Amino acid sequence: MQQVEDRAGDAVADQPHVGRRAERIEDATLLTGRGRYGDDMGVKPGTLYAAVVRSPHAHARILDVDASAALALGGVRAVLTGEDIRAWSRPFVVGVKQPMEQWALAMDRVRYVGEPVAVVVAESRYLAEDGADLVKARYEPLSVAVEIEQALSCDAPVLHDKVGSNVVSERNFSYGDPDKAFTEAAHRIELIAKYPRNSCTPIEGAVVVAEYISSEEGYEVSSNFMGPFSLHTVMALALNIPGTQLRHRGFRDSGGSFGVKQAVFPYIVLMCLASRKAGAPVKWVEDRLEHLTAATSATGRLTRLEAAVDAEGRITALSYDQVDDCGAYLRAPEPATFYRMHGVLTGAYAIRNLKVRNRILLTNKMPTGLVRGFGGPQVYFALERLMQRISVELGIDPLTVYRRNFVQPDAFPYRTVAGALLDSGDYESLLDKAVSQGGLDELYERRAAARAEGRLYGVGFCAIVEPSISNMGYITIALTPEMRAKAGPKNGAIAAATISVDPLGGLTVVVASSPAGQGHRTVCAQVAADVFGLEPAQIVVNVDFDTQKDAWSVAAGNYSSRFAGAVAGAVHLAANRLREKLARIAAGQLACEVDELEFHGGRIQVKGDASRSLPFARTAGSSHWAPGLLPGGMEPPLRETVFWTPEQLTPPDEDDRVNTSAAYSFTFDICGVEVDRDTGRVRIDRYVTGHDAGRLLNPALADGQIRGAFAQGMGAALMEEFQYGPDGSFLSGTFADYLLPTSCEVPEPVIVHQETLSPFTPLGAKGLGEGNNMSTPPCIANAVADALSIKDLTLPLTPSRVMGLIGIDDPPSARTPSSTAPVAAKGGKALTASGEVQLSAGQEAVFAVLLDPSALAKVIPGCNALQSIGKNQYKADVTVGIGMIKARYAAEVTLSELDPPNSLRLSGAGLSSVGSAKGTGMVRLEPNAKGTLLKYDYEAEVSGKVAAVGGRMLEGAARIVLGQLFEQLGRQASGESPAVASPSLWARLLRFLRGAK
């Protein structure tokens, strides 16, 4: 084991570049605005722009899609519909053997809000958006299954009729003898943990530029897809072409991914087909609402976890019952979230008995996929909460519980009961460092002082094993051994790297990994520079990836913490292979043996004799100019490509054991929090995070990854959650409703490092970029549970949720519903209110306006037309704006329960390109000395884009619209001229804010 020290000081000339805190090569370009992101790149002349028409319903039958109005709009060139999709493509392959179909566009049915139903292609993005608003899709709404418990029920609506159930896969596993362990256990401790849906919010959304070349050449695509390239095969199969006819290029720069940009792949297929329909290249840029609503999310999981524990707190067995909410479709690479962690369900602990029940469930939500640490947050929230419960219920110090359960240092490499091969580590040593360097004793003192004053303070811990370099075969654990045998074995984790020499001796590195902020160019240059005795500035690293020209395999891509261990390791191997050839050339010219040479200071020289040396550049470039002078039997050392895969990644065995990853880092966290009794706010007093990720290639970049993952994990713990209405409406479409931590909320963590090199990777490196997204949520949760002395809690720990845990619920509504008020809404974003308005007109005059179509049209805000379709029934064309969203609704309005001139019920339902709305309200008229007192109770619900982005504005906006309606009603009934058009909601808000200054 090698200890890491602070390397922030000046670099010593002969110190290796690997291990230095080197500044990123990328930053000078990015910070001066010269980055080359997807939307910055030029496109071919004649490129068109796409806008996606999306479903406002979570579950509905598609009756028809009418694109005629869109096609009539000047500048719109084509509209891609389901008919085109069916003719030119196939459904995406599914990771389990079930007859479910997901096409690039919804066919007969939509199954989540935001599901694509058409694509409009136009000469500009603006025209494409306008055209999308003109596409009229008619739906027949169906019942929904939104929550896990609801979708599991026997009477739940089935999302895919051919499957016949919302549970599309169930597997049971048993390792060791868990039943015996539970029977003999001194204690049985269990809990139920629910991990919520959340996601990542990269600063750059998806970008796709696609072109259909011909039936012979297929498609060319550029996108900020981050892999894994197993999905290249999925895309080619969906397009019904050979893989060689799908050429994919990556952009040099990417504004973050954190996993979610694997979800670009359905849109790559969609834009390829849109290009085919339009006969021109097509560009699509995802906006923030599309990203939040329909990109992807972390898998929601419901876990019942039980531990068999002996009298000293050692766990002898675990029993998992896990249900994963994967959304409306099991979209590749799912069920990756379930099975990536399968081999390490026992975490960092030496537990020899394990029972697992896994169920994959479909609900009317967006499909899930890769989100930073996928699988880890779901497993460790349950497991590490259970560790805290063991400590509390047995009255044993939590650190003692950890020490008694850890895999011991002399046991590595350690084979877990489910098959993972933990490569190296000293878990207790890192725990001790985190305790001493993080000041745990001081946190205990602060807790004691706070509690003496009646304040709520808690300390939490978390220990996790972070997998890196995934085994391509782990997902096949979702299949039975018999199914796997029939399909053929899958395993390994191939990484590729190429190093080329130009005629002047310059070196270029190309890797099969698309960077998303990790510093690929910096680290690869450091690795290659050490091998050749050069400076990193002398190495060019090219990350403009091209599937037709560059070396890659299905495991390629930037995911699952592959970079340090696999990609940089492959660079190291390729560099050494090229170095061996150059050493042979130099040895012949210097009349020495190859092993007598060293590469140093830009020269190749005999060790200890600087007079016998050659310039590196001249030697490296010589094979271009004089290949005939190369040593006998040598191929020119112009380019070396290495494909590397760890031999430890074997296929799953017949007993369902699998080594899910090649290397396993270890993280131990400590957290001190204070909870405000009055507000429920959780303040992180100190956060200590200890990491053993093998060899640190660049400690500065490692710390940056840790800080980023910590911020994201903190968001998952305290703020972030995708909210859905009872009808499946998405309610988190803006950053006003989907809250993220900012620099104001994120404290600086205390970072502690330890290096225990991996014996299985070329550089001894492991991954660390995902660890805190796995460890921070349960660590904060454990600290809050300690502060409040509670057993159960649910993430995120928002102030209102924490107030409920403290025992202070929100006060009941001040509104007292009348006997005539409508029943509670059944779905969508529910809006309810009651009020009264004084009108100067008489009771009969007001009632007469409500029954007169021409007069009523002038009363309804935004009404463009009102047409009678029956007695007291009207078809209305209404324009409504909420914040940034403005929509034209085709609505039906009905008057019922008429009691002239005293009361009536006004009901309406409408559908637009941005969602649906429906509502009902009771209007009562009471004569008084001033005219008529109008009293109302109303209830409405909206869905689709309006519900997603309106969020907190909806209630206030609805009140403004009602105020406009009744104001106009009074004017119309009294014979006054109509009011001048009211300013927009935004204008009213701005005017209010200016008046408040």
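Conventions and cut-offs
Residues numbered from 1 in each chain as written. Predicted model: local features only at pLDDT ≥ 70, side-chain atom pairs only at ≥ 80, totals over all residues. Heavy atoms only, no water. Helix = DSSP H or I, 4+ residues; strand = E, 2+ residues; numbered from the N terminus. Rg over C-alpha atoms; globule rule 2.2 N^0.38 Å. Buried < 20%, exposed > 50% of the residue type's maximum accessible area, 1.4 Å probe, protein only. Pairing = 2+ DSSP bridges. Axes fitted to C-alpha atoms, helices over the stretch in contact; angles between N-to-C directions. Contact = heavy atoms within 4.5 Å. Expected span 1.5 Å × (residues − 1). Polar contact = N/O pair within 3.5 Å; in protein donor to acceptor, adjacent residues only side chain to side chain. Parallel < 35°, antiparallel > 145°, perpendicular 65-115°, else oblique. Nonpolar A, V, L, I, M, F, W, Y, C, P; charged D, E, K, R; others polar. Salt bridge = Lys/Arg side-chain N within 4 Å of Asp/Glu carboxyl O. Phe/Tyr/Trp six-rings, centres within 6.5 Å; stacked < 30°, edge-to-face > 60°. Lys NZ or Arg CZ within 6 Å of the ring centre and 35° of its normal. Core = buried A, V, L, I, M, F, W, Y, C linked by side-chain atoms within 4.5 Å.

J.: Honestly, the overall build of the protein in this entry has me stumped. Any pointers?
T.: In terms of regular secondary structure, the protein is built from 26 helices and 35 strands. Compactness check: the protein gives a C-alpha radius of gyration of 32 Å against a globular reference of 30 Å for 997 residues, within 12% of the reference. By principal-axis analysis of the C-alpha atoms, the protein measures approximately 115 × 70 × 65 Å. Relative to its full complement of 997 residues, the protein shows a buried share of 59%.

J.: What's the story with the sheet that holds strand 26 (residues 661-675) in this structure? I'm lost.
T.: In any sheet, the strands associate via hydrogen bonds between backbone groups, in a parallel or an antiparallel arrangement. Taken together, 4 strands build an open sheet; the order of strands is 18-26-27-28 and the sheet is mixed. Looking along the sheet, the strands with just one partner apiece sit at the ends: strand 18 (456-470) and strand 28 (750-754). Strand-to-strand, the axes of this sheet are offset by a mean angle of 15 degrees, without reference to chain direction. Note that strand 18 and strand 26 share 14 bridges and pair antiparallel. Note on strand 26: the bridge partner recorded for C462 is D669. Taken strand by strand, helix 12 (residues 398-405) contacts strand 18 and strand 26, and its axis lies near 20 degrees from that of strand 18. Taken strand by strand, helix 20 (residues 771-788) contacts strand 18, strand 26 and strand 27 (682-692), and its axis lies near 160 degrees from that of strand 18.

J.: I keep staring at helix 19 (residues 699-718) and nothing clicks. Help me out?
T.: Helical periodicity: at 3.6 residues per turn, an α-helix aligns residues three or four positions apart in one direction. In a regular helix each residue adds 1.5 Å, so 20 residues correspond to 28 Å; helix 19 covers 28 Å between its end C-alpha atoms and thus fits that length. Looking at where helix 19 begins, the residue whose side-chain oxygen comes 3.1 Å from the main-chain nitrogen of A700 is N698.

J.: How should I be thinking about the pairing of strand 9 (residues 207-214) in this particular structure?
T.: Looking down a regular strand, the side chains alternate between one sheet face and the other. For strand 9, the buried fraction is high: 6 of the 8 residues fall into the buried class. Both strand 9 and strand 12 (residues 282-285) contribute to a ladder of 4 bridges, which runs antiparallel. Residue pairing across strands places V209 opposite K283, the latter belonging to strand 12. A loop of 3 residues connects strand 9 with strand 10 (residues 218-223), the two strands running antiparallel in sequence.

J.: Please explain the packing of helix 12 against helix 13 (residues 427-438) as it appears in this structure.
T.: A pair of packed helices is characterised by two quantities: the angle between their axes and the separation of those axes. At their nearest, the axes of helix 12 and helix 13 sit 10 Å apart, and the two run at 160 degrees to each other. Classified by the angle between their axes, helix 12 and helix 13 sit roughly antiparallel to one another. Along its contact with helix 12, which presents L399, Y402 and R403, the element helix 13 presents E428, L431, D432 and V435. Looking at the contact of helix 12 with helix 13 residue by residue, the class counts come to 4 nonpolar, no polar and 3 charged.

J.: Help me understand the sheet that holds strand 19 (residues 495-501) in this model?
T.: With respect to topology, 4 strands assemble into an open sheet ordered 21-20-19-25, the strand pairing being mixed. Strands with a single pairing partner mark the edges of an open sheet, and in this sheet they are strand 21 (539-542) and strand 25 (639-644). For this sheet, the mean angle separating the axes of adjacent strands, direction not counted, is 20 degrees. Summarising the sheet, strand 19 and strand 20 (residues 507-511) pair through 5 bridges and their orientation is antiparallel. Paired with A497 across the strands is V511, a residue of strand 20. This element, helix 16 (residues 520-532), spans strand 19, strand 20 and strand 21 of the sheet and lies at about 140 degrees to strand 21.

J.: Explain helix 17 (residues 563-590) to me, please; I cannot follow it from the model alone.
T.: Across its 28 residues, helix 17 extends 37 Å between first and last C-alpha, which sits within 8% of the 40 Å expected from 1.5 Å per residue. Looking one or two residues past helix 17, A591 carries a phi angle of roughly 55 degrees, positive in sign.

J.: I keep staring at the environment of E220 and nothing clicks. Help me out?
T.: Locating E220 in the fold gives a position in strand 10. In this structure E220 touches V209, A210, E211, I213, R247 and R249, once residues within four positions along its chain are discounted.

J.: Looking at this model, I keep getting lost on the pattern of salt bridges. Mind explaining?
T.: In a structure, side chains of opposite charge can pair up when their charged atoms sit close to one another. This model, assessed by the stated rule, comprises 53 salt bridges. Here K581 makes a salt bridge to E640, at a shortest N to O gap of 2.7 Å. On the criterion of sequence distance, the pair formed by K581 in helix 17 and E640 in strand 25 is long-range, its members being 59 residues apart. Of the residues examined, K581 reaches a relative accessible area of 16% and is grouped as buried.

J.: Would you take a moment to explain the packing of aromatic side chains for this structure?
T.: Given two aromatic rings, one states the distance between the centres and the angle between the planes to describe the pair. Overall, the coordinates contain 27 aromatic pairs when judged by the stated rule. Their ring planes at 80 degrees and their centres at 5.2 Å tell us that F722 and F730 sit as a pair that is edge-to-face. Residue F722 shares its accessibility class with F730, and that shared class is buried. Here the aromatic cluster, defined as three or more aromatic residues joined through ring pairs, consists of Y349, Y402, F406, F412, Y427, F461, F666 and F668. Its guanidinium or amino end placed over the ring of W103, R86 lies 5.4 Å from that ring's centre, counting from NZ or CZ. Taking the ring centre of F374 as reference, the NZ or CZ of R340 above it sits at 4.4 Å.

J.: Please explain the side chain of S903 as it appears in this structure.
T.: Within the fold, S903 resides in strand 33 (residues 903-912). Relative accessible area serves as the criterion here: at 12%, S903 is assigned to the buried category. Excluding residues that lie within four positions of it along the chain, S903 makes contacts with F847, E897, L898, M922, V923 and R924.

J.: Mind showing me how you'd approach the packing of helix 17 against helix 18 (residues 616-625) here?
T.: Between helix 17 and helix 18, whose axes approach to 10 Å, the crossing angle comes to 100 degrees. One finds that helix 17 runs roughly perpendicular with respect to helix 18. Facing L582, I585 and A586 of helix 17, the residues of helix 18 in contact are F616, T619, A620 and S622. Across the contact of helix 17 with helix 18, the residue classes break down as 5 nonpolar, 2 polar and no charged.

J.: I tried to follow the environment of M803 on my own but got confused; where do I start?
T.: One can find M803 in helix 21 (residues 799-806). The residues contacting M803, other than those within four sequence positions of it, are R677, D678, T679, G680 and I808.

J.: Would you explain the nonpolar core in this entry?
T.: What tends to happen in soluble globular proteins is that the nonpolar side chains get buried as a cluster. With 180 residues, the main nonpolar core has M271, L318, I390, Y402, F406, F668 and I670 as its most contacted residues. The dominant element in this core, judged by the number of residues it contributes, is helix 8 (residues 265-278), at 10 residues. Beyond its immediate sequence surroundings of up to four residues, F668 is in contact with L399, Y402, F406, L430, L431, A434, F461, C462, A463, V688, T689 and G690. With 56 residues, the next largest nonpolar core counts V606, M634, L697 and L763 among its residues.

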